[in-house]
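These are the residues of each chain, in order.
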Amino acid sequence: MRIIKTAVKTFKYLYGLRFEVKGLENFKVGSPCVIVSNHQSILDMMGLMEILPDGCVQIAKKELLYTGSVGLVMYLGGVIFINRKSTSNAKMVMADVAKTMLSENVMVWIYPEGTRNGNGDLLPFKKGAFHLAIQAQVPVVPVVYSSFSSFYDRKKNLFTSGKIRVEVLEPIETKGLTPEDVTELTNRCYSTMRETFFRLSGLVNEPNGSARTHLQ
Ligand SMILES: CCCCCCCC/C=C\CCCCCCCC(=O)SCCNC(=O)CCNC(=O)[C@H](O)C(C)(C)COP(=O)(O)OP(=O)(O)OC[C@H]1O[C@@H](n2cnc3c(N)ncnc32)[C@H](O)[C@@H]1OP(=O)(O)O
Ligand SMILES: CCCCCCCCCCCCCC(=O)OC[C@@H](O)COP(=O)(O)O
């Protein structure tokens, strides 16, 4: 993964991108943890590699395993693949991950939206990451990337201003929590991350839930 990190980190120069990172000290939880972040596009791979701590594996959709050499590289990088279409299968894999996290002392990075989303807001969170954290009784560390939509032209695949703000938020403890607490933990994480997302993106969180820039 260190090799992948070095390789992928160079892409930011191609895109003329700068990352403004805050809160890296929040990764120092001194134990395994579940890292959750918003997911906008494949370009998140640059943001991921920009701050990925050592000893951290990612959860990816199984389809990515069959993407030729990239799939192989991901597999060799220790990525864990889940079948999103089968909850029971995903649950089994994630239950295994909870055990491995503790025995191998690894962190796990999950995108709780479960899919890429460039709509300038966060999709509702899936619960798997939070079940995992509670099963392993490890902290959840939220990470938020500012919206690409204000400066990334999808059509031309170009970044215009090229600054992405990243914030690693305070760890959320799960010690003593049980599966009954999953929904509350998910919602708490969601609202903290959504608030941060709007702040970092310079978006106003409209009362009716829609977001617009300060400028409009
Ligand atoms: C030149 C260089 C080249 C380099 C090349 C290599 C570079 C890169 C290398 C390396 C970096 C790689 C990085 C890759 C990144 C890829 C990212 C993706 O692929 S994102 C898509 C996949 N990720 C997810 O989907 C996770 C989020 N999803 C979940 O966590 C879901 O919860 C999931 C999949 C586990 C289940 O899916 P559900 O759709 O059924 O989700 P729900 O609604 O949350 O669950 C349904 C019910 O099941 C329960 N449940 C869910 N998980 C459970 C669990 N673990 N245990 C018990 N119950 C669980 C829930 O509580 C819920 O039940 P109640 O509604 O509460 O009654
Ligand atoms: C162009 C920036 C640097 C990219 C260099 C590495 C290129 C290969 C990266 C392979 C990982 C792809 C990550 C990704 O973004 O996959 C999509 C899934 O998350 C969700 O799938 P979907 O939105 O549900 O289709």
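Reading the values: the criteria
- Residues numbered from 1 in each chain as written.
- Chains lettered and ligands numbered in written order.
- Predicted model: local features only at pLDDT ≥ 70, side-chain atom pairs only at ≥ 80, totals over all residues.
- Heavy atoms only, no water.
- UniProt positions renumbered as here; feature names shortened; annotations may be inferred.
- Near = heavy atom within 4 Å.
- Polar contact = N/O pair within 3.5 Å; in protein donor to acceptor, adjacent residues only side chain to side chain.
- Areas by Shrake-Rupley, 256 points an atom, 1.4 Å probe, with all protein chains shown as cover.
- 1 Å grid on protein atoms, 1.4 Å probe; cavity = no way out; pocket = protein on both sides within 12 Å on 5 of 7 lines; lining within 4 Å.
- Sits in = over half its atoms within 2 Å of the grid points.
- Helix = DSSP H or I, 4+ residues; strand = E, 2+ residues; numbered from the N terminus.
- Nonpolar A, V, L, I, M, F, W, Y, C, P; charged D, E, K, R; others polar.
- Salt bridge = Lys/Arg side-chain N within 4 Å of Asp/Glu carboxyl O.
- Buried < 20%, exposed > 50% of the residue type's maximum accessible area, 1.4 Å probe, protein only.

By the naming in an unreviewed UniProt entry, the protein goes by 1-acyl-sn-glycerol-3-phosphate acyltransferase and is assigned to Alligator mississippiensis. Turning to the protein, the UniProt record has this under Pathway (unreviewed entry): "Phospholipid metabolism; CDP-diacylglycerol biosynthesis; CDP-diacylglycerol from sn-glycerol 3-phosphate: step 2/3." Reading the Sequence similarities (unreviewed entry) entry of the UniProt record for the protein gives the comment "Belongs to the 1-acyl-sn-glycerol-3-phosphate acyltransferase family."

A. Up close: the site of ligand 1. Taken together, 29 residues lie around ligand 1, and K61, T87, K127, G128 and H131 are the ones closest in. Interatomic distance of 3.5 Å between a side-chain N/O atom of Q135 and a nitrogen atom of ligand 1. In isolation ligand 1 offers 1400 Å² of accessible surface; the protein chains occlude 76% of this area. One can see that ligand 1 is located within the largest pocket. Contributing elements (two or more residues each) for the shell around ligand 1: α3 (44-51), β3 (56-61), α4 (68-76), α5 (87-104) and α6 (128-136).

B. Examining the UniProt feature "domain: Phospholipid/glycerol acyltransferase" (unreviewed entry) in the protein more closely. Under the UniProt annotation, the feature "domain: Phospholipid/glycerol acyltransferase" (unreviewed entry) is placed at residues 33-148. Taken end to end, residues 33-148 has its terminal C-alpha atoms 27 Å apart, with 38% of it in helix and 20% in strand.

C. Representation of the site of ligand 2. Surrounding ligand 2, one finds 14 residues, the nearest of these being H39, K61, R84, T115 and R116. The contact in question runs from an oxygen atom of ligand 2 to an N or O atom on the side chain of H39, over 2.5 Å. Interatomic distance of 2.7 Å between a side-chain N/O atom of R84 and an oxygen atom of ligand 2. In isolation ligand 2 exposes 670 Å². Once the protein is present, 81% of that is buried. A molecule is said to occupy a pocket when more than half its atoms come within 2 Å of that pocket's grid points, and by this definition ligand 2 occupies the largest pocket. For the shell around ligand 2, the per-class residue count stands at nine nonpolar, two polar and three charged.

D. View of the pattern of salt bridges. Under the definition given, this model contains ten salt bridges. Measuring nitrogen to oxygen at the nearest pair gives 4.0 Å for the salt bridge that ties K99 to D96. Residue K99 and its partner D96 are both found in helix α5; the two are separated by three residues, about one turn of the helix. K99 sits in the exposed class, given a relative accessible area of 56%. Salt bridges sharing partners connect three or more residues here, namely R2, K5 and D54.

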